[in-house]
Amino acid sequence: MSGAQHGYVDPSSTDKGAADETDEVDLQVLCLTGEGVTLSVSRSMLGSDLRRLVSEKLSCKPGAKLVVHHVNGKLTLNETLGGQGIVGKTAMLSCTYIPTD
């Protein structure tokens, strides 16, 4: 499978004109608990804003913090989604809850 099918495209290999047509990306965020949410957001959104939005949509787990993952790592909170390689029209992310204790 190509990386583009998972919402990751190497920014250096994209057609810059096509990438600028729209700033929106459709995200499907799935948790290991079976919960999930589909969102349409801007690629210029920060990772922290996405985590907050997903947290608002999913049920809260007492004593746990939501962590959102893209490809093989945690979403960087202070970087835009586009800066983290989420540049396609759609992307799939995962999320888990980690203990805060």
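Refer to the structure printed above.
In short, a report on the structure. Sequence order as written defines residue numbering, which begins from 1 separately in each chain. Per-residue local features of the predicted model are confined to residues with pLDDT of at least 70, and side-chain atom pairs are confined, for both listing and counting, to 80 or more; whole-chain, interface and lining totals are unaffected and use all residues. Note that water and hydrogens are dropped before the side-chain values are worked out from all heavy atoms of the structure.

**Here we look at the nonpolar core**
Note the following rule: To qualify as a nonpolar core, a set must consist of buried Ala, Val, Leu, Ile, Met, Phe, Trp, Tyr and Cys residues joined through side-chain atoms within 4.5 Å. Throughout this description, buried means an accessible area under 20% of the type-specific maximum (1.4 Å probe, protein chains only), exposed means over 50%, and partly exposed covers the range between. Helix and strand assignments come from DSSP, with helices taken as H or I runs of at least 4 residues and strands as E runs of at least 2, each series counted from the N terminus.
One finds Leu27, Leu50, Val54, Leu81, Ile86 and Leu93 to be the most contacted residues of the largest nonpolar core, which totals 19 residues. Looking at this core, the elements that each hand over two or more residues are β1 (24-31), β2 (36-42), α2 (47-57), β3 (64-70) and β5 (90-99). Looking at which element gives the most residues to this core, the answer is β1, with four residues.

**Considerations on α2**
Note the threshold: Throughout, the arc means the angular range of directions from the helix axis out to the C-beta atoms. The criterion used for residue contact is that any of the two residues' heavy atoms lie within 4.5 Å.
For α2, the complete set of buried residues consists of Gly47, Leu50 and Val54. Each buried residue of α2 sits inside an arc of 60° when the element is viewed along its axis, so together they form one side. Residues of α2 that are buried sit in contact with β1, β2, β3 and β5.

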